[in-house]
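Residues per chain are reported as follows:
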Number of protein chains: 2
Amino acid sequence: MVFPFTRLSLSGERFSITYRLLAADEAGARARARGICLEQTVELPEEALAGDDIQAGVAGRIEALRPVAAGLFETVISYAVETAGAELTQLLNVIFGNSSMQPGIRVEELHLPDSLLALFKGPRLGRAGLRRLLAAPERPLLATALKPVGLPAAGLAGLARSFALGGIDIIKDDHGLADQTFAPFCDRVRRCAAAVAEANATTGYGCLYVANVTAPIDRLLERAYLAKEAGAGGLMIAPGLTGWDAARRLAEDDGLGLPLFCHPALLGSFVSGADRGIAHRVTFGQLPRLAGADAAIYVNYGGRFAFSREDCLAAAQASGLPLGRLRPGFPMPGGGMTLDRLPEMYRFYGRDIIFLVAGGLYTHGPDLQETARRFRERVEELTAGPP
Amino acid sequence: MVFPFTRLSLSGERFSITYRLLAADEAGARARARGICLEQTVELPEEALAGDDIQAGVAGRIEALRPVAAGLFETVISYAVETAGAELTQLLNVIFGNSSMQPGIRVEELHLPDSLLALFKGPRLGRAGLRRLLAAPERPLLATALKPVGLPAAGLAGLARSFALGGIDIIKDDHGLADQTFAPFCDRVRRCAAAVAEANATTGYGCLYVANVTAPIDRLLERAYLAKEAGAGGLMIAPGLTGWDAARRLAEDDGLGLPLFCHPALLGSFVSGADRGIAHRVTFGQLPRLAGADAAIYVNYGGRFAFSREDCLAAAQASGLPLGRLRPGFPMPGGGMTLDRLPEMYRFYGRDIIFLVAGGLYTHGPDLQETARRFRERVEELTAGPP
């Protein structure tokens with residue numbers, strides 16, 4: 001069946017996506033790429049669309065195709081900006097909705113024109129803003145997490161106080177702290193924010209307490225505003241649990257006006273193979289910026305997770321590359337990090353990094369404030385020299 | 001560091017998750033399982049917790065561990081219900097948040113006690129309710145999709161009319177129809193709902209027009225209510241794009257009171273390997289029911305996607321197995337289906353199925369109403385005999 005000829009009103013602007021494809025040869029790769037062009041837009045076989053403006057304007061278009069290794073190809077496919085319908089949810093759908101269900105396709109990189117990027121505010125503070133807020137113009141920033149789930153709010157606040165007195169910049173809730181009976185959200189956030197404010201009055205530092213507001217859709221804003229009113233200095237959300245658009249909603253809320261931290265919970269399935277999913281540079285570099293995150297947490301290489309050095313570097317770099325007028329965000333690697341690894345991480349990532357050391361502080365010694373002080377001292381010593 | 005002894009108030013009720021693990025031997029598998037117990041809860045090394053109530057009550061507990069093949073183990077790990085904090089977002093986090101980032105772990109099945117299931121309303125209509133609504137007590141239900149993106153609202157409504165006149169039960173928007181300029185949401189939904197209502201007046205059938213309301217978080221409810229007011233008979237959402245909790249929010253809204261259909265866009269990365277992600281039976285069987293979907297769309301085996309027969313059957317079965325007082329939902333396989341495959345699919349799935357044939361109707365012949373009529377006729381013929 002051929003649809004009646006339809007003249008579409010299109011701006012001519014297109015965004016494009018780099019995909020990696022498994023295919024036996026170039027002809028096979030081209031057929032797969034053509035399949036993506038249809039799957040991600042019209043979702044109809046070519047014969048149903050022949051000679052139609054819909055095919056010419058709305059179906060994806062292969063802009064490039066090249067072999068990168070035996071059986072592996074890279075293709076760039078462009079789409080009319082209008083297909084994304086000015087919404088992050090539908091943009092994600094065009095990027096990878098149905099193709100996520102086909103084997104041997106990975107999203108490698110997003111290339112978005114200014115007209116599309118203009119739909120997103122991006123990080124509120126970005127790297128420079130967060131540095132200003134923390135009066136740390138040059139050095140890597142220090143972060144840790146409050147845990148474990150099960151500890152009462154007063155216990156978590158006690159940990160927050162020790163970390164803040166020791167000179168940590170950013171103290172975030174563990175992502176497993178939601179609104180459990182052990183330490184209900186309101187109580188926990190009030191106590192932790194107060195403890196950090198008290199410590200700041202002693203130290204003169206501007207340590208931020210970052211509340212985890214990952215929550216059901218109908219409680220998200222309520223929780224974010226409670227956190228702000230309680231004096232939290234930032235918000236954390238796990239887009240894998242809430243959807244990316246929930247992060248965007250928080251980031252763009254001028255009434256909140258707080259820096260936003262993204263946590264990678266449940267996003268691992270997207271980055272679990274070189275031949276599937278969405279590459280680290282997109283998942284932890286580009287998407288967090290579209291969603292307005294000032295920093296994107298991900299798991300570092302060499303810890304108890306399996307991200308490679310290359311994947312971590314690609315994520316960190318993508319968080320700083322030009323992306324329209326969207327500010328750069330901070331990469332925030334964590335997961336099994338220890339103080340001993342700081343020099344190596346500094347050489348690897350450079351200055352624009354947030355070191356997230358959590359378990360590694362808890363097991364370092366019995367005096368958390370002293371451990372935090374050493375963490376800060378080591379980072380300041382490192383920063384005296386080049387990366 | 002050992003935390004001060006904390007007496008936790010726990011009900012003693014636990015939920016458990018079956019995971020598959022890659023490991024060289026049983027000792028390795030046990031170490032990995034122990035890692036999950038900590039990773040998904042306290043996220044601290046064992047030595048930081050020794051002798052503590054938190055470890056005893058809050059950390060996960062290995063309930064079973066057995067080899068299933070060379071290098072492959074199955075373990076059942078239980079968690080205190082309190083760790084899930086009475087919220088779907090946090091339940092997902094405990095199930096697989098951080099472990100999604102570790103290689104060789106797959107979520108195979110959820111085992112949730114009634115106290116946890118009581119937090120969720122589940123499908124509003126379920127299989128029996130949807131059958132009543134469509135006056136189809138026994139046969140498989142028929143569904144198709146309106147497409148392609150790019151077609152104006154009047155064109156989509158014309159398709160809807162033809163399909164409804166031909167006797168399709170459920171006519172859904174393609175998941176690529178959001179709020180694009182080609183066919184803005186309001187205009188599209190009003191025209192399509194009206195066209196289906198008009199056709200129903202002619203046929204006497206109760207065909208449902210199902211509007212895709214997948215949208216940014218701050219427009220989701222607005223769009224769902226617009227759809228209801230326009231006369232839509234159901235709502236569709238893609239939880240991969242919005243988060244699962246957005247589906248739950250729609251399903252539990254008594255003001256809406258409409259059946260809910262889940263679309264699998266962007267969920268493919270979760271089911272893309274036997275050694276990672278979240279099994280089909282969970283992603284397309286158990287989670288949609290927790291989120292209140294009356295039917296879960298997934299891609300059928302043997303089409304242009306790569307789901308196996310076993311995976312499809314597991315998803316379909318899980319949608320009907322006992323799950324507390326939550327109603328069973330319909331499995332709704334689609335993706336490259338044709339009318340020729342109906343007998344085989346009927347044998348494979350039985351009566352409790354929604355056949356989603358979309359592209360296969362568009363390419364079957366020029367007269368869509370006639371094609372739809374044949375689709376209905378074939379299903380009715382099939383249903384005269386046993387599966």
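Residues numbered from 1 in each chain as written. Chains lettered and ligands numbered in written order. Predicted model: local features only at pLDDT ≥ 70, side-chain atom pairs only at ≥ 80, totals over all residues. Heavy atoms only, no water.

Re the pattern of salt bridges
In step 1: Using the criterion set out here, one finds 67 salt bridges over all chains in the structure.
In step 2: Residue Arg106(A) pairs with Glu108(A) through a salt bridge whose shortest N-O separation is 2.7 Å.
In step 3: When its relative accessible area of 5% is taken as the criterion, Glu108(A) is described as buried.
In step 4: Salt-bridge contacts for Asp254(B) lead to Lys121(B); the nearest nitrogen and oxygen are separated by 3.5 Å. (Salt bridge = Lys/Arg side-chain N within 4 Å of Asp/Glu carboxyl O. Buried < 20%, exposed > 50% of the residue type's maximum accessible area, 1.4 Å probe, protein only.)

Some remarks on the pairing of strand β1 (residues 14–22) of chain A
All names here are of chain A.
In step 1: Among the nine residues of β1, seven are classified as buried, and the element is accordingly described as predominantly covered.
In step 2: Across nine bridges, the pairing between β1 and strand β3 (residues 72–80) is antiparallel. Looking across to β3, one finds that Thr18 is bridged to Val76.
In step 3: Relative to strand β4 (residues 105–111), β1 is paired through six bridges, and the arrangement is antiparallel. Paired with Leu21 across the strands is Ile105, a residue of β4. (Helix = DSSP H or I, 4+ residues; strand = E, 2+ residues; numbered from the N terminus. Pairing = 2+ DSSP bridges.)

A few points about the relation of the copies chain A and chain B
In step 1: For the match of chain A to chain B, the screw axis carries a shift of 0.0 Å, the RMSD comes to 0.0 Å, and the turn is 180 degrees. The relationship between the two copies is best expressed as a two-fold rotation axis. Closest approach to the rotation axis among the C-alpha atoms of chain A is made by Gly243(A), whose C-alpha sits 2.1 Å away.
In step 2: Mapped onto chain B, 100% of the interface residues of chain A are again interface residues, and the two copies thus contact each other with one and the same surface. (Least-squares fit on C-alpha atoms with pLDDT ≥ 70 in both. Contact = heavy atoms within 4.5 Å.)

Thoughts on the interface of chain A and chain B
In step 1: Listed as interface residues are 86 residues of chain A and, on the opposing side, 86 residues of chain B.
In step 2: Buried area between chain A and chain B, summed over both chains or domains, comes out near 7,000 Å², and the portion from carbon and sulfur atoms is 63%.
In step 3: The interface formed by chain A and chain B contains 14 salt bridges.
In step 4: Between Arg223(B) and Glu87(A) there is a salt bridge whose closest N-O contact spans 2.5 Å. (Buried area = accessible area lost by both parts, 1.4 Å probe.)

Concerning the sheet that holds β3(A)
Strand pairing in a sheet relies on backbone hydrogen bonds. The paired strands run either parallel or antiparallel.
All names here are of chain A.
In step 1: Here we have four strands laid out as an open sheet, ordered β2-β3-β1-β4, and antiparallel in their pairing. At either margin of the open sheet sits one strand with a lone partner, and together these are β2 (61–69) and β4. Neighbouring strand axes in the sheet, compared pairwise and without regard to direction, differ in orientation by 20 degrees on average.
In step 2: Sheet topology note: the β2/β3 ladder contains seven bridges and is antiparallel. Counted as the bridge partner of Pro67 is Phe73 from β3.
In step 3: The sheet strands contacting helix α3 (residues 88–96) are β1, β3 and β4, and the helix crosses β1 at an angle near 40 degrees. (Axes fitted to C-alpha atoms, helices over the stretch in contact; angles between N-to-C directions.)

Remarks on the packing of aromatic side chains
In step 1: Evaluation of the coordinates by the stated rule reveals 15 aromatic pairs over all chains.
In step 2: With a centroid separation of 5.3 Å and 75 degrees between ring planes, the pair formed by Phe270(A) and Phe270(B) is classed as edge-to-face. Within this pair, whereas Phe270(A) is found in the loop between β9 (260–262) and α11 (280–290), its partner Phe270(B) is found in the loop between β9 (260–262) and α11 (280–290), the two belonging to separate chains. For the pair Phe270(A) and Phe270(B), a shared accessibility class is recorded, and that class is buried.
In step 3: On the numbers, 6.0 Å between centres and 35 degrees between planes, the contact of Phe284(B) with Tyr298(B) is tilted. Separated by 14 residues along the polypeptide, Phe284(B) in helix α11 and Tyr298(B) in strand β10 (residues 295–299) bring together distant segments of the chain. (Phe/Tyr/Trp six-rings, centres within 6.5 Å; stacked < 30°, edge-to-face > 60°.)

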